[in-house]
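# Breakdown of the fold
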Amino acid sequence: MRVMAQMSMVMNLDKCIGCHTCSVTCKQAWTNRTGVEYVWFNNVETRPGVGYPRSYEDQERWGGGWVRTKRGRLQLRSGGRFAKLARIFSNPKLPEIHDYYEPWTYDYDMLLNAPAGEHTPVARPKSLLTGDDMKISWSANWDDNLGGSQETLQEDPILRSMSEKIRDEFENTFMFYLPRICEHCLNPSCVASCPSGAMYKRAEDGIVLVDQDQCRGWRMCVSGCPYKKVYFNHKTGKAEKCTMCYPRIEVGLPTVCSETCVGRLRYIGLVLYDADAVLAAAAVEDEADLLEAQRSVFLDPDDPAVVAAARRDGIPDDWIDAAQRSPIWALIQKYRVALPLHPEYRTMPMVWYIPPLSPVVDTVAGTGNDGEDHRNLFAAIDKLRIPVEYLAGLFSAGDTGPVEESLHRLAAMRSYMRGVNLSQTRDESIARAVGMSGTEVEAMYRLLAIAKYEDRYVIPAAHSETARQLEELGNEGCSLDYDGGPGMGGAGPFGLSSGTPVPVAVENFHALKNRQTADSPAGPSTSGRVNLLNWDGNGTPDGMFPPRHGKEADE
């Protein structure tokens, strides 16, 4: 047994309201730069829907993740070394810009400075890639609130596998929001796919990063990731991905998306796992067994033998204590309500989800019955085949058992706590019906409903003795870059840069200076005015400060 620590996240989908605050703050923090206008490290999808990029779950098309061979070994779905070498200069299994979306802004200057005329001026959409007028036909959240659902229905891989009746009665089924970030997997296929070794998984906390110096821009990692959470920066020629805000994690702070989440649905904590058991767990024959196989890899942090082994393997005592207080361990192993996203990809994802109970409650209430009564809820969960099947396609490789177990426990928690809050009665039969005690149900309620900040985020700070090592890894793995920085170095077709050093279309059409000082990326700034939304803090554009006069100007 080799004990390692993994920084992990759980999201309670019952709390997500689809406000996209997490996406916007992540965008501002990490991808508010040229070359990554189309990139969202964090995005929120409406389900059912085709997601971002379009139909990313269709691995027959994209070839992401792992497959099990007849010999019981794992191999990349996209092929081994020879397959990658054969198409290293032309990889056909890459999402194109229309699979993501062509990013745009609006010509707001037209609204403010258009001359008087017969018609009301219009702020036309302008492409951030070319600067030309464009027609908006797709975006990172085109399925928002089931918008355009009938047009994209057949593209959802999970709905495609369900019955015709279910798909035809789409508007009568259900809807929920699914926030997604990089899964920071225990068995990451993106790392295994990288020909240059630029992708790596940090030994300290399991966060998957990209070494910008080593990245050659082959983009095999984009193909290899089944969640399509690795992106290509067309300015730097490098791969980028969610870093789990590791500069914040190292000082004990949660990620930006978690910190700003309106619904307080995210939990972050450490999980101790047996690194020697990962490969065997990911290679189990039956996909339905992958969930329990991954759970078996996690180690009980309160077990004295595990604690001794963790200390032997160099895990500090405060990290062991954080693992013992971790909300992730409680939600995955103790209460068993959290489930992984697409375990059938065999990457062992470490961002887990609590499935939404709201569609079930709403359906029961719609029949005129008590939507919070545990007997009604238990019966409804068994009969509502549509949401359980769909959720199973997302979180348990099609096996409805784990989803039903999670939903039953969430329903029992609601019914039990209603009795506590309304009549001061504790009906232990409700807890026993789902294999729990009343004390456990109340503890789960405190964690899911009223947990404080320090309960939701149990993040041990990095140790000073490893600060130099972490700093070096951080300089290599940070995806933020700038002109002349480490990610821009080197010339030549096979050097440190992934191609010609001439900037690509984004900068050919509109220089960064114009982007920072203009109300529209397609034209010059109106004299004396600066758009602070486009300014990245570099330099002092004209109009930012009052003009200098006299001696001050001479200096």
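As annotated in an unreviewed UniProt entry, the protein is Nitrate reductase subunit beta from Sanguibacter hominis ATCC BAA-789. What the UniProt record of the protein gives under Subcellular location (unreviewed entry) is the line "Cell envelope".

### Some words on unusual backbone geometry
Cis geometry is found at the peptide bond from Arg 47 to Pro 48, where omega equals 0°. The omega angle of the peptide bond from Tyr 52 to Pro 53 is -5°, so this bond is cis rather than trans. Mapped onto the elements, Pro 53 comes out in the loop between β2 (43-47) and α2 (59-62). Residues other than glycine seldom take positive phi values, yet Arg 264 does so here, at roughly 55°. Its identity is not glycine, yet Gln 424 carries a phi of approximately 60°, on the positive side. Within the element layout of this structure, Gln 424 appears in the loop between α21 (400-423) and α22 (428-433). Residue class for Gln 424 comes out exposed when judged on its relative accessible area of 60%.

### Here we look at the nonpolar core
The biggest cluster of nonpolar side chains holds 134 residues, and the ones touching the most others in it are Val 10, Phe 298, Leu 331, Tyr 335 and Phe 395. Once residues lying within four places of it in the same chain are set aside, the contact partners of Val 10 are Leu 265, Arg 266, Tyr 267, Ile 328, Leu 331, Ile 332, Ala 338, Trp 352 and Ile 354.

### Brief notes about the packing of α21 against helix α23 (residues 438-449)
Between α21 and α23, whose axes approach to 10 Å, the crossing angle comes to 95°. With respect to α23, the axis of α21 lies roughly perpendicular. The segment α21 lies against α23, with Arg 409, Leu 410, Met 413, Tyr 416, Met 417 and Asn 421 engaging Gly 438, Val 441, Glu 442, Met 444, Tyr 445 and Leu 448.

Cut-offs and rules
- Residues numbered from 1 in each chain as written.
- Predicted model: local features only at pLDDT ≥ 70, side-chain atom pairs only at ≥ 80, totals over all residues.
- Heavy atoms only, no water.
- UniProt positions renumbered as here; feature names shortened; annotations may be inferred.
- Helix = DSSP H or I, 4+ residues; strand = E, 2+ residues; numbered from the N terminus.
- Buried < 20%, exposed > 50% of the residue type's maximum accessible area, 1.4 Å probe, protein only.
- Core = buried A, V, L, I, M, F, W, Y, C linked by side-chain atoms within 4.5 Å.
- Contact = heavy atoms within 4.5 Å.
- Axes fitted to C-alpha atoms, helices over the stretch in contact; angles between N-to-C directions.
- Parallel < 35°, antiparallel > 145°, perpendicular 65-115°, else oblique.

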